[in-house]
Amino acid sequence: MKNVKIYTDGACSGNPGPGGWGAVLIYKSVKKELSGGEKETTNNRMELTAVIKSLEALTEPCEVELTTDSKYVCDAINKEWLYSWKNNSWKKADKKPVLNVDLWQILLELLDKHKVTFNWIKGHDGNEFNERCDELAVKYYKDNFQ
């Protein structure tokens, strides 16, 4: 399997409001930047979408080190909440419905295809790739929805 590093971020102006996502994919010395967004969305949807779109961009199964500043995404995977939610008919421990089920279901399929390690970093703390993802996300929604 190819080893790929991915950095992702989501941004939203208002919550909900116009939002964007950005990703930087690195394979050996090659870097690829991706971005997109939605006119009416939430920050968490953009964080998840960044992860999904970056994994969907891979043309074959890969070993991925994915770095994000989203505790929402990292905790759902690393603390195995996602699997509990699925097993409990998309209900959280407090019996409330899980938000963004449509995106979590897509992510589960991608996690079956790729071997992904999720790493959390503090946002806006000087990591060049995290900063670049934020720039891509903000630029996308500003250019397209404001």
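Residues numbered from 1 in each chain as written. Predicted model: local features only at pLDDT ≥ 70, side-chain atom pairs only at ≥ 80, totals over all residues. Heavy atoms only, no water.

(A) Region of the structure containing the overall build of the protein. Helix and strand content of the protein: five helices and five strands. The secondary structure elements of the protein, listed N-terminal to C-terminal, are β-β-β-α-β-α-α-α-β-α. Computed over its C-alpha atoms, the radius of gyration of the protein comes to 15 Å, within 12% of the 15 Å expected for a compact globule of 146 residues. Expressed as lengths along the three principal axes of its C-alpha atoms, the size of the protein is roughly 40 × 40 × 25 Å. Counting contacts in the protein only where the partners sit at least 6 residues apart, residues at least 24 apart contribute 66% of the total. Surface accessibility of the protein: about 8,000 Å² in total, with carbon and sulfur atoms responsible for 47%. (Helix = DSSP H or I, 4+ residues; strand = E, 2+ residues; numbered from the N terminus. Rg over C-alpha atoms; globule rule 2.2 N^0.38 Å. Contact = heavy atoms within 4.5 Å. Areas by Shrake-Rupley, 256 points an atom, 1.4 Å probe, with all protein chains shown as cover.)

(B) Here's a closer look at the environment of Ile6. Mapping Ile6 onto the fold places it in strand β1 (residues 2-12). A relative accessible area of 0% places Ile6 in the buried class. Each C-alpha atom of the pair Ile6 and Leu55 lies 8.5 Å from the other, and the pair is 49 residues apart in sequence. If near-sequence neighbours (up to four positions away) are discounted, Ile6 is found in contact with Val24, Leu25, Ser54, Leu55, Leu58, Val64, Glu65, Leu66 and Thr67. (Buried < 20%, exposed > 50% of the residue type's maximum accessible area, 1.4 Å probe, protein only.)

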